[in-house]
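# Results of the structural survey
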Amino acid sequence: MEDLVSLKKYFSNKRVLVTGHTGFKGSWLCIYLKMLGAEVHGIALAPKESESIFEIANVEKGVCTSSTIDNICNTHSVSALLQDIQPEIVFHLAAQPLVIEGYNDPVETFNTNIMGVVSILESIRMCQSVEVFVNVTTDKCYENKEWCYPYRETDRLGGHDPYSASKACAEIVTNSYRQSYFPDKAIATARAGNVIGGGDWAQNRLLPDIIKAFDRGDEIEIRNPSSIRPWQHVLEPLTGYLVLAKKLGEKQGEEYSGAWNFGPHTSKNYTVGEVVKEVASCWGESANIAIDNSAEKLHETNLLMLDCSKARLKLGFEGVLSIPKAIYLTVDWYKAFYEKEDMNLFTEKQIAQYWALRNKDEQ
Ligand SMILES: NC(=O)c1ccc[n+]([C@@H]2O[C@H](COP(=O)([O-])OP(=O)(O)OC[C@H]3O[C@@H](n4cnc5c(N)ncnc54)[C@H](O)[C@@H]3O)[C@@H](O)[C@H]2O)c1
């Protein structure tokens, strides 16, 4: 099993570029990398929502060495940025990440999620310094057969809705670049499911919607209450991406290039309805819940589970948090935010807390 000390040893003083650093997962990743001693650079669009972890946790000034606001599809300027920074490791998280937004704006979704990957890979092709590239895609890249078996990295790619299809294409593009241009670079894709964690304010995501409703004292509208998602705390896949990058860097990709699933620790599945109840009990108030069936009209996958044996056996990595623990950490973060704590310090504190839990689990 990887430990924090060996991750710190690897990432210390490494120049790392995070695309999508103004977003939810990107901001957590930047804070995590800074804690590991890396020099962190970011490129993304400006935060969309009025509240964002990027601003609340002071990621731009307090974490990043440089922060660039630009469209990832501008290959020319992205390439110039890489020449300037000379990163050794690139994590690609810049994307349009929402299924419903994919239905509303398929052109933008395909453009960002496919041509954005082409743009960053093309820029890497022109930049000798990059040794490791991790492209963050999704569990939704699989052809969903709505069956009871978990998906393996060798299963067929697919994608019914525009978001899922765009991420399947992102997988194919990454693989094409790896085989065509990068015999000596370590290139991987990371497929994780729905994540939860403090600092997510995206529209139409369950946890942010519940927290916003609690904060306003409103009724909570939930879509598809019996749907099962592979919920996991954001620190679980992020730790998986970091362990993967370290292995890729150390072995120069020989056995670690390719696709990796990062799923939740638990074998117990939680429905949307159960998650809502757990959040309500952590928040400590009675919840007023309404069910919205209108979203059922759009096709959204019902059952999707990942087989993470490859990460467990080859990377020595697996998640450790139960869903109640993941929900507890998430609600705790939002409570600290509403209590006006220093959220950069609080986020770092949660990363340390997470490692304490990982170490306890391994004993
Ligand atoms: N959050 C989840 O549950 C989840 C699940 C599976 C996969 N993912 C993937 O993880 C990654 C990050 O997701 P997130 O939840 O942090 O989303 P987010 O919306 O919070 O962040 C997306 C980031 O991408 C940037 N971005 C979007 N379009 C861009 C463009 N054209 N040019 C430059 N930057 C652009 C945004 O500015 C932002 O920084 C995405 O690739 C997403 O598909 C997320």
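Residues numbered from 1 in each chain as written. Predicted model: local features only at pLDDT ≥ 70, side-chain atom pairs only at ≥ 80, totals over all residues. Heavy atoms only, no water.

Moving on: the pairing of strand β6 (residues 186–192). On any regular strand, side chains alternate: one points to one face of the sheet, the next to the other face. The element β6 is extensively covered by neighbouring structure, given that seven of its seven residues are classed as buried. Burial of the side chains of β6 extends over both faces: A186, A188, A190 and A192 are buried on one face and I187, T189 and R191 on the other. The pairing of strand β5 (residues 132–136) with β6 spans five bridges and is parallel. Among the inter-strand pairings, F133 is bridged to a residue of β6, identified as I187. (Buried < 20%, exposed > 50% of the residue type's maximum accessible area, 1.4 Å probe, protein only. Helix = DSSP H or I, 4+ residues; strand = E, 2+ residues; numbered from the N terminus. Pairing = 2+ DSSP bridges.)

Strand pairing in a sheet is mediated by backbone hydrogen bonds. Such pairs are either parallel or antiparallel. The sheet built from seven strands is open, its strands ordered β3-β2-β1-β4-β5-β6-β10 with parallel pairing. The open sheet has two edge strands, β3 (66–69) and β10 (258–262), and neither has a second partner. Averaged over neighbouring strand pairs, the angle between their axes works out to 15° when direction is ignored. Strand direction decides the pairing type here: strand β2 (residues 39–44) and β3, joined by four bridges, are parallel. Counted as the bridge partner of I43 is T68 from β3. (Axes fitted to C-alpha atoms, helices over the stretch in contact; angles between N-to-C directions.)

In the contact formed by helix α9 (residues 206–216) and helix α11 (residues 272–283), the axes pass within 11 Å of each other and the chain directions differ by 40°. For the element pair α9 / α11, the angle class is oblique. Crossing geometry of α9 relative to α11 is assigned as right-handed. Of the residues in α11, those in contact with L206, L207, I210, I211, F214 and D215 of α9 are V272, V275, V276, V279, A280 and W283. (Parallel < 35°, antiparallel > 145°, perpendicular 65-115°, else oblique. Left-handed = near helix turned anticlockwise from the far one by under 90°. Contact = heavy atoms within 4.5 Å.)

Quick look at the nonpolar core now. If you look at the biggest cluster of nonpolar residues, it comprises 82 residues, and the most contacted ones within it are F11, L33, F91 and F262. Per-element tally for this core: the top contributor is helix α13 (residues 323–338), with nine residues. Not counting the four nearest positions on each side in its chain, F91 is found in contact with F11, V16, L17, V18, T19, L29, L33, V134, Y241, L242 and A245. In this structure, I43, A94, L121 and C127 belong to the second largest nonpolar core, which totals 22 residues. (Core = buried A, V, L, I, M, F, W, Y, C linked by side-chain atoms within 4.5 Å.)

Moving on, we come to the pattern of salt bridges. Taken as a whole and assessed by the stated rule, the structure comprises eleven salt bridges. E250 is paired through a salt bridge with K246; the nearest N and O atoms lie 3.0 Å apart. A residue pair is termed a helical-turn pair when its members lie 3 or 4 positions apart in one helix, as E250 and K246 do in helix α10 (residues 235–251) at four residues. On the accessibility criterion, E250 (47% relative accessible area) is partly exposed. Overall, the relative accessible area of 6% leaves K246 in the buried class. A salt bridge links E255 to K251; the shortest N-O distance between them is 3.8 Å. Given the relative accessible area of 43%, E255 is considered partly exposed. (Salt bridge = Lys/Arg side-chain N within 4 Å of Asp/Glu carboxyl O.)

As a matter of local geometry, the ligand sits amid 25 residues, with T22, F24, I72, Y163 and K167 nearest to it. Within the backbone of G23, one N or O atom sits 2.9 Å away from an oxygen atom of the ligand. I72 places a polar main-chain atom, nitrogen or oxygen, 2.8 Å from a nitrogen atom of the ligand. Coverage of the ligand by the protein amounts to 90% of the 830 Å² it exposes when considered alone. Of all the secondary-structure elements, those providing two or more residues to the shell around the ligand are α2 (24–35) and α8 (162–181). In terms of residue class, the shell around the ligand is built from twelve nonpolar, nine polar and four charged. (Near = heavy atom within 4 Å. Polar contact = N/O pair within 3.5 Å; in protein donor to acceptor, adjacent residues only side chain to side chain. Areas by Shrake-Rupley, 256 points an atom, 1.4 Å probe, with all protein chains shown as cover. Nonpolar A, V, L, I, M, F, W, Y, C, P; charged D, E, K, R; others polar.)

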